[in-house]
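Next come the chains, spelled out residue by residue.
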Amino acid sequence: MKIVLLGAPGAGKGSQAELIKEKYGLPHISTGDALRKNLKDETELGLYAKSYMEKGLLVPDSIIVQMMKIRLEADDCKNGYMLDGFPRSIVQAEFLDKVDTLDAVLNIEVPFDVIIERLSGRLSCTCGAIYNKATHHSDKCLKCNSQLYIRADDKEEAIRNRLDVYTETTAPLVDYYAKKGVLRTIVGAETIKDTFKRVQVVLDQISSRE
Ligand code: ADP
Ligand code: ZN
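These numbers come from a predicted model, not from an experiment.

(A) Main features of the sheet that holds strand 7 (residues 183–187). Strand order in this open sheet of five strands is 2-3-1-4-7, and the pairing throughout is parallel. Each edge of the open sheet carries a strand with a single partner, namely strand 2 (28–30) and strand 7. When strand polarity is set aside, the average angle formed by the axes of neighbouring strands in this sheet is 25°. Across four bridges, the pairing between strand 1 (residues 2–6) and strand 3 (residues 81–84) is parallel. By the bridge assignment for strand 3, Val-4 is matched with Leu-83.

Next comes the structure, spelled out in structure tokens:
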């Protein structure tokens, strides 16, 4: 199956993606993770994207589309995939429509006050695991024991930009996909487990259809 995880920054797309990957075996394609890897490796793309990412602004569509075109052609995408952080604008969604047909777009809905609380206490690991200072009282990852870090764009000013960009540029995708009949709304304000239960209902339905 081919699905998209939609939702504001901090809605929990990354956490759900980890669980979906484990249970359904779908490759997890995260544009944010891919860009951060480029940044770390100091590739041309990474150096270019850096200033946008640190401020919490979108990297230009043309760059992202170029990157995703290559990624979606890879062999592991033939039988399905899960996109996290893409598409993030109407231009990107229109590109995706041209190359593929989606089974569902899961819109993870979380109120903004909850999101701000989550992002401002977020600790990240390079393995993809995510924790929160409020509940994780160590600077090591439970999965791989690496040193956790605070993302450059999890600082207050950047968080505000990311939420503004979401409202202006990404939120219109909710209507866009509703009109296409593929939108599925998931309440994401509770725990990761609660949200995953709701995600499974949708994905089990889709896989029984296949
Ligand atoms: P979050 O969803 O928590 O904001 P991501 O890890 O998905 O974080 O993305 C981090 C940053 O990477 C974004 O703020 C943006 O600068 C850039 N980025 C990721 N995906 C895209 C995209 N599809 N289009 C443009 N920029 C993107
Ligand atoms: Zn880790």
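Next comes the rest of the description.
(B) Looking closely at the coordination of the zinc ion (ligand 2). In this structure, Cys-125 (SG), Cys-127 (SG), Cys-141 (SG) and Cys-144 (SG) serve as the protein donors to the zinc ion (ligand 2), at separations of 2.2 to 2.4 Å. Classification of the site at the zinc ion (ligand 2) rests on its four donor atoms, whose angles at the metal span 100 to 116°, yielding the label tetrahedral. Along the chain, the residues donating to the zinc ion (ligand 2) fall in the pattern C-x1-C-x13-C-x2-C. Under the relative-accessibility criterion, Cys-141 is labelled buried at 4%. Looking at Cys-144, the relative accessible area reads 37%, which means it is partly exposed.

(C) Examining unusual backbone geometry more closely. The amide bond that connects Phe-86 to the next residue, Pro-87, takes the cis arrangement and shows omega of -5°. Examined against the element boundaries, Pro-87 turns out to sit in the loop between strand 3 and helix 5 (90–99). One non-glycine residue, Asn-145, lies in the positive phi region at around 65°. You can see Asn-145 is positioned in the loop between strand 6 (130–132) and helix 7 (156–170). By relative accessible area, Asn-145 is classed as exposed at 55%.

(D) Local environment of the packing of aromatic side chains. Applying the stated criterion across every chain, the model contains four aromatic pairs. Where Tyr-48 meets Tyr-52, the ring centres are 5.7 Å apart and the plane angle is 50°; that geometry is what we call tilted. On the criterion of helical spacing, the pair formed by Tyr-48 and Tyr-52 is a turn pair, its members being four residues apart in helix 3 (residues 44–55).

(E) A look at helix 8 (residues 172–180). Along helix 8, the residues classified as buried are Leu-173, Val-174, Tyr-176 and Tyr-177. An end-on view of helix 8 places all buried positions within 165° of arc, on one side of the element. Opposite the packed face of helix 8, turned more than 90 degrees from it, sit the exposed residues Asp-175 and Lys-179. Against the buried residues of helix 8 lie strand 1, helix 5, strand 4 (104–109), helix 7 and strand 7. Positive phi appears at Gly-181, one or two residues downstream of helix 8, with a value of about 80°.

(F) Structural view of the site of ligand 1. Close contacts around ligand 1 come from 19 residues, with Thr-31, Arg-36, Leu-57, Gly-85 and Arg-162 the closest. Contact between ligand 1 and Gln-92: a nitrogen atom at 2.9 Å from a side-chain N or O atom of the residue. A distance of 2.8 Å separates an oxygen atom of ligand 1 from a polar atom in the side chain of Arg-162. Summarising the interface, the protein chains cover 96% of the accessible area of ligand 1, which totals 550 Å² for the free molecule. Ranked by the residues each element gives to the shell around ligand 1, the list is headed by helix 2 (residues 31–40), at four residues.

(G) Focus on the pattern of salt bridges. Across all of its chains, the model carries 16 salt bridges by this definition. Here Glu-73 makes a salt bridge to Lys-69, at a shortest N to O gap of 3.7 Å. Note on Glu-73: relative accessible area 55%, which makes it exposed. The structure contains a network of salt bridges with shared partners spanning Arg-122, Arg-151, Asp-153, Asp-154 and Arg-162.

What counts and how
- Residues numbered from 1 in each chain as written.
- Chains lettered and ligands numbered in written order.
- Predicted model: local features only at pLDDT ≥ 70, side-chain atom pairs only at ≥ 80, totals over all residues.
- Heavy atoms only, no water.
- Pairing = 2+ DSSP bridges.
- Helix = DSSP H or I, 4+ residues; strand = E, 2+ residues; numbered from the N terminus.
- Axes fitted to C-alpha atoms, helices over the stretch in contact; angles between N-to-C directions.
- Donors = N, O, S within 2.8 Å, 3.2 Å for Na, K, Ca; no water.
- Tetrahedral: all angles 85-135°; square planar, octahedral: opposite > 155°, others 65-115°.
- Buried < 20%, exposed > 50% of the residue type's maximum accessible area, 1.4 Å probe, protein only.
- Phe/Tyr/Trp six-rings, centres within 6.5 Å; stacked < 30°, edge-to-face > 60°.
- Arc of directions from axis to C-beta.
- Contact = heavy atoms within 4.5 Å.
- Near = heavy atom within 4 Å.
- Polar contact = N/O pair within 3.5 Å; in protein donor to acceptor, adjacent residues only side chain to side chain.
- Areas by Shrake-Rupley, 256 points an atom, 1.4 Å probe, with all protein chains shown as cover.
- Salt bridge = Lys/Arg side-chain N within 4 Å of Asp/Glu carboxyl O.

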